[in-house]
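Topology and contacts: notes
Residue strings, one per chain:
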Amino acid sequence: MKIIIGWIIFVGSVIGGIYVGGWLLFVQPIIEACKHFDAGTLTGLIVGTTVLKCIFAGAVGVVIIYIGSIISAAIFK
């Protein structure tokens, strides 16, 4: 039973890391910036925020996966 719970936590953290790092912090801000560009309301703040989110997206995703793998490794023991 511990193995199943450990794997569920690990897989959940991988999916969560990909969702937060990949979608919420990388793809979605780019889509929003494109929408603002098309509407003619693109500002420097939107560009700066989008660039910062894209820079930190990978690190945030890896940290989420890392924390989940530490928890699942503790459950496996």
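This write-up is about the structure you can find in this document. Within every chain, residues take consecutive numbers counted from 1 along the sequence as written. Since the coordinates come from a predicted model, pLDDT governs what is reported: local features require at least 70, and pairs of side-chain atoms require 80 or more to be given and counted, while whole-chain, interface and lining totals use all residues. To get the side-chain values, all heavy atoms of the structure are used, and hydrogens and water are removed first.

Observations concerning the side chain of Thr 50
The cut-off we apply is this: For the purposes of this entry, the term helix denotes a DSSP run of H or I that reaches at least four residues, the term strand denotes a run of E that reaches at least two, and both are numbered from the N terminus. Two residues qualify as a contact provided that any one of their heavy atoms is within 4.5 Å of a heavy atom in the partner residue.
For Thr 50, the position within the fold is in helix α2 (residues 44–76). Look past the residues within four positions of Thr 50 in its chain and what remains in contact with it is Pro 29, Ile 30 and Ala 33.

Side note on the packing of aromatic side chains
What counts here: Two rings belonging to Phe, Tyr or Trp (six-membered ring only in the last case) form a pair when the distance between their centres is within 6.5 Å. Interplanar angles under 30 degrees mark stacking, angles over 60 mark edge-to-face geometry, and anything in between is tilted.
Going through the model one piece at a time under the given rule, you end up with two aromatic pairs. Centroid distance Trp 7 to Phe 10: 5.9 Å. Interplanar angle 85°. Geometry classified as edge-to-face. Of this pair, Trp 7 and Phe 10 both sit in helix α1 (residues 2–39), separated by three residues, roughly a single helical turn. Put simply, the rings of Trp 7, Phe 10 and Phe 76 pair up and form one aromatic cluster.

Details of the environment of Ile 15
For the record, the criterion: Relative accessibility under 20% of the residue-type maximum defines a buried residue, over 50% an exposed one, and the middle range a partly exposed one, all with a 1.4 Å probe and only protein chains included.
Turning to its location among the elements, Ile 15 is positioned in helix α1. A residue is classified by how much of its surface remains accessible, and Ile 15, at 55% relative accessible area, is exposed.

Honestly, that's just the spatial picture; any functional story needs more than this.
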